Amino acid sequence: MSPARELILELDQVRASYGAVEVLRGVNFTVRKGEVVALLGTNGAGKSTILRCVSGLLKTDAGEIRYEGQNIAGMATEDTVRLGITQVPGGRGLLPNLSVEENLRMGAYPIRRQRAKVKAGYDRVYGIFPRLAERRRQLAGLLSGGEGQMLAIGRALMLEPKLMMIDELSLGLAPLIVQQLVKIVRDINASGVSIILVEQSANLALSITDHAYFIEKGQLRFDGSSKELLERDDLLRSVFLAAAR
Amino acid sequence: MYWAQLVVAGLFAGAVYALYGQGITLVYKATRVPNFAHGAIGTVGAFVFFKLWDGSAKRLLIPWIHFKIPFTGVSWNPNPPALPFAAALAVALVISVLLGLLVERAAMRYLVDAPTISLIVATIGIFIVITGLAIDMFNQQTETVPPLFNDHVYSVGGIRFFTTDVIVAILALVLAIGLGTFFRFTNLGIAIRATADSRETSRLLGISADRVAAFAWAAGSFLATLAAILIIARSNRQLDFVSLTILIVPGFTAAMFGGFTSLVGTFIGGLTLGVAQNLFIGVHWPTRFLSTAFGAAGAPQFVSFLVVVIVLMTRPKFIFKGVRVDEESGVGLGKARSGLAPEDQLRRVLDRRNTLLLLLEDWKIGRWLLAALCVIPLLAIPVFTVSYWSTVLGSAVFYALIVLSIVVLTGWTGQISLAALGFAGAGAFGTALLSTQFHIPFFLVMPMSGLIGIPLALLIGVPALRLRGFFLALATLAFMVACETWLFPQSFFSTHNDVARGVLRDDLSQPSFYMSLAFAALVYIGVRNLGRTRVARAWHAIRDSENTAISMGIDPVRYKLLAFAVSGFIAGVAGGSFGYLNLKIVAANFTFFFTLTYITAAVISGIAMLAAGPLAAFNFVLLPTITARSISGTNEAIFIIGGLLAVLTVIQYPNGLAYFYSRVLRRFEAGERVAWASTTDAEGIAPAAAGAGTEEEEEELFNRAAHGDLSLPAGVPGA
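Not measured: the values here are computed from a predicted model. Along every chain, residues carry numbers that run from 1 in the direction the sequence is written. Lettering for chains starts from A, numbering for ligands starts from 1, and both go in the order in which the items are written. Owing to the predicted nature of the model, reporting of local features is limited to residues with pLDDT of at least 70; listing and counting of side-chain atom pairs is limited to 80 or more, with chain, interface and lining totals taken over all residues. Excluded from the side-chain calculation are hydrogens and water; included are all heavy atoms of the structure.

Quick look at the pairing of strand β10 (residues 219-225) of chain A now. Residues and elements named next belong to chain A. The pairing criterion is simple: DSSP has to find at least two bridges between the two strands. Labels follow the DSSP assignment, with helices taken as runs of H or I lasting at least four residues and strands as runs of E lasting at least two, numbered in each case from the N terminus. The pairing of strand β9 (residues 211-216) with β10 spans six bridges and is classified as antiparallel. Bridging from a neighbouring strand, Tyr213 pairs with Asp223 of β10. In this structure, the hairpin formed by β9 and β10 is closed by a connection of two residues, where Lys217 is found at a positive phi of approximately 50 degrees.

Here the aromatic set is Phe, Tyr and Trp, taking the six-membered ring for Trp, and pairing holds for ring centres within 6.5 Å; pairs whose planes are under 30 degrees apart are stacked, those over 60 apart are edge-to-face, and all others are tilted. Counting across every chain of the model gives 42 aromatic pairs over all chains. Where Phe214 of chain A meets Phe222 of chain A, the ring centres are 4.7 Å apart and the plane angle is 20 degrees; that geometry is what we call stacked. Buried residues are those whose accessible area, probed at 1.4 Å on protein chains only, stays under 20% of the maximum for their type, while exposed residues exceed 50% and partly exposed ones sit between those limits. Accessibility expressed as a relative area gives 2% for Phe214 of chain A, which makes it buried. Phe222 of chain A gets classed as buried once you look at its relative accessible area, which sits at 4%. Ring centres of Phe182 of chain B and Phe215 of chain B lie 5.9 Å apart, and the angle between their planes is 35 degrees; this geometry places the pair in the tilted category. Separated by 33 residues along the polypeptide, Phe182 of chain B in helix α5 (residues 163-185) and Phe215 of chain B in helix α8 (residues 209-234) bring together distant segments of the chain.

Residues lying three or four places apart along an α-helix face the same way, a consequence of the helix completing one turn every 3.6 residues. Residues and elements named next belong to chain B. Each residue after the first adds 1.5 Å to the expected span of a helix. End to end, helix α25 (residues 556-582) covers 38 Å across 27 residues, agreeing with the expected 39 Å (1.5 Å per residue, within 8%). Among the 27 residues of α25, 21 are classified as buried, and the element is accordingly described as predominantly covered. Measuring from the side-chain oxygen of the N-cap residue of α25 to the backbone nitrogen of Val557 gives 3.1 Å; that N-cap residue is Asp555. Taken from the residues just after α25, Leu583 is the one with a positive phi, measuring 65 degrees. Polar contacts, as used here, are pairs of N or O atoms within 3.5 Å; protein pairs need one atom able to donate a hydrogen and one able to accept it. Residues neighboring in sequence count only if both atoms are side-chain atoms.

Bringing the domain arrangement of chain B into the picture now. Residues and elements named next belong to chain B. Throughout, the edges of the domains are those of an automatic or database domain assignment. The assigned domain composition of chain B is domain 1 (2-293) and domain 2 (342-379 + 389-664). Measuring from the centre of the C-alpha atoms in domain 1 to the corresponding centre in domain 2 gives 31 Å. In what follows, residue pairs with any heavy atoms lying within 4.5 Å of each other are defined as contacts. Between domain 1 and domain 2, the contact holds 33 residues from the first and 39 residues from the second. Here the quantity called buried area is the total loss of accessible area, with a 1.4 Å probe, experienced by two parts when brought into contact, counted for both. For the pair domain 1 and domain 2, the two sides together bury roughly 2,800 Å², of which 86% comes from carbon and sulfur. The term salt bridge refers to a side-chain nitrogen of Lys or Arg lying within 4 Å of a carboxyl oxygen of Asp or Glu. Linking domain 1 with domain 2 are zero salt bridges, by the criterion used here. For the interface between domain 1 and domain 2, the tally reads two residue pairs in polar contact (both at pLDDT 80 or more). Of all elements in the fold, only α4 (116-138), α9 (243-246), α10 (248-257) and α12 (288-294) reach the threshold of two or more residues within the side of domain 1 that touches domain 2. No other element matches α4, which puts 15 residues into the side of domain 1 that touches domain 2. Of the residues belonging to the side of domain 1 that touches domain 2, the class tally is 25 nonpolar, six polar and two charged. The residue classification treats Ala, Val, Leu, Ile, Met, Phe, Trp, Tyr, Cys and Pro as nonpolar and Asp, Glu, Lys and Arg as charged. All others, Gly included, are polar.

Strand pairing within a sheet occurs via backbone hydrogen bonds; the two strands may be parallel or antiparallel. All names here are of chain A. Pairing is mixed in the open sheet, where six strands are placed in the order β6-β7-β8-β3-β9-β10. At either margin of the open sheet sits one strand with a lone partner, and together these are β6 (85-88) and β10. Taking the axes of each pair of neighbouring strands and ignoring which way they run, one obtains an average angle of 20 degrees across the sheet. What counts as an axis is a line fitted to C-alpha atoms, over the stretch in contact for a helix, and the angles between N-to-C directions run from 0 to 180 degrees. Across the sheet, helix α6 (residues 145-157) is in contact with β6 and β7 (163-167); its angle to β6 comes to roughly 175 degrees.

Residues and elements named next belong to chain B. Contact pair helix α23 (residues 534-544) / α25: the axes reach a minimum separation of 10 Å and the direction vectors enclose 105 degrees. Here α23 is positioned roughly perpendicular relative to α25, judged by the angle of their axes. On the side of α23, the interface is formed by Arg534, Val535, Ala538, Trp539 and Ile542, while α25 contributes Pro556, Tyr559, Lys560, Leu562, Ala563 and Val566. Under this scheme an angle from 65 to 115 degrees is roughly perpendicular, one under 35 degrees roughly parallel, and one over 145 degrees roughly antiparallel; angles in between are oblique.

Right under this line is the structure:
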């Protein structure tokens, strides 16, 4: 991660609130092209809210979100998706009454008229996740937890995104499956996709990311290279324990 | 042969229901909105068509279209041009599509996450507005229209049917298959299903949920007009605003067979209902009692009710597979849209000038003053004026009691019931029987009429035990329509519908008004006290989360039935007062349409507050009556204004007026005034929630960490 690499996403003093409660109170952080970044923090710190602001689900109150140099704060979700930002929603976020293949098809909704691209998307996803190919006609609501997460990731890949935001990769999954998913996330990153990973499991996140940001009460508290932070497990522990008090 | 003919006739009648239900299914499937305005939108399209089409326009009694500016008397009556069939149809369809888009854009878009009761009331409001405006615009009387096609009579093996029958049936079948294919195989179709599954996830995939909803409303309105024109042509060719709205129950029933998701299911459901109705009517009942009871004109509606209850109670797998049955009651207090709630804003402004404190201090006296201001005219006016006013005040009391019964059942217990006037009708007809047949005096009949409302309420209360949200609303709606069209018009009731005067005077309006006022006051005080007991707390728990209530040991069967009984009693008393005020009771007084207006009035006034009763009576009975004498056109406008208010209320302030007043006039809560003093609202709230004890420590730790000084201070865990 040489510093010369271009920024793909930059948040500048972003504020956002739910009703009267301000959740983000001036967040700054950056993602470079081809980088994997972790957003860490306890429950309610505002990690998922950051993702919601980037994707446009939540309108920001103030601040700029620059994606490839363009301010996308306040842009509609449909349009941010078209720019190449996709999200793997937390808690799976599948469409349970649609079949596996229909879920994938909806993943390619913005490029639905480019039939060849959609077809290539199916092939790519089924290549990565052969399990999904076996179950293509099954309702997504009937998949197991791990398969569901595979589908969510696969669906986000249909668009050939530039920036992929994963909300809770490991939540509620068996360690064996998490390992498989970690490998796949690495592969996706190796193919040139920048990734933001929101995680509760700090060790997991630090092991696959280049850089980590710690969010606390809607503000960035500190950040650092994942490698260095991983060696300082005393620091991590203190952060999480202090916040839990 | 007799039965075969019945079945075939039933199939053709059922195709109409299917056609009507498919538009409802389409909108529900895409947006989860039970569209009560479906028939009204279709009827507008039908009117446009028949006014424009050269085959019919000349033969209408009122061929022109009537535009007017309300309250001014300015109007314009242009004669629309006569167009060929296809052009007229196209214009009608385009106008109904635009109407559907307008409904979505202006109202439904703001109700995406709204509870079921808000969705129901919003579409009822839209239904009232459209009907009110369109009756003014298109006609004041029923028109007979010429046939659409040269109707041939076909006869196959002795079974007769017409061209229009065949066209309706084929269209319904084609739509079922066509729409089914659309939803399975096209991107837009799958996107609609995706949005219905999870709006947020769909948006993350780049699907514009608003556009999907707009499409569904446009397509639904298109189908509504198509269906309306064909249904009018197929049945008695009467063009009016009543006949199609009554189809709402068979339409919803057909849609229910498809679980509100399957178009083919809706088609089959429509046919099943049509055949079931015809077979039921065709049966030669063994005794005279049964044959008069089940041979009555409203028997099809009774069958609809039976079918709805049986299907919803048994919930067969083949229908409800994958159907999202409501988990929640669909009734809840709304949240502020953003920032401070309006009542808090008002409190803040009042408090700045120190008025609020004074107001609250004075409110202890003020409430008695207000009560005196309300009660003295109520008591005095009937004595000093003509009986007209005691009749008006009497209907205000009736209105207040009906809303009160809705508050208990829906606002407090979360059981969305559209059957309040069914219970009231039972009380009214009971009054007639008790006073004329048994010669029971006036002051005893009133409470007894309340008791008559109870069994009828329990009759629907028992099937309601298994139902929540929209499905409960559907069952009670079917019940209400069965009461209106089948039970109350029974020959037995229509020969026993006089209320014996029982008192000395000829004019009963005065004593009956005082009597009902006294009973209303008793009921109000009783319910208010009930609201402070364990029972009411159990009701609220069931409303807010039935599953949680059960886990806390609350028996939902007992408390739900109790709520139905109390609600039935209140509505029954209302029916009794209605009986003495009107002296002759007819089924037309207790219609599902009126019930819908009471529900909207209750929601506007604040469905979870007892004060909604008197408030609704004042706003919707007294105010219009008073203003109607001075401002021309108020009476016709009152429906439209009420409908608009309903839509506005559920969008902007779903808790209603009474809630607003009570929130403004409540005592100060701890820290409330302090919070206003701080610079921003959010900061006033957040530190209190965060628990300030450890904050400085953390602050220091993080600052040091952020500045690269990673060594931890002593005493911090992990150092």
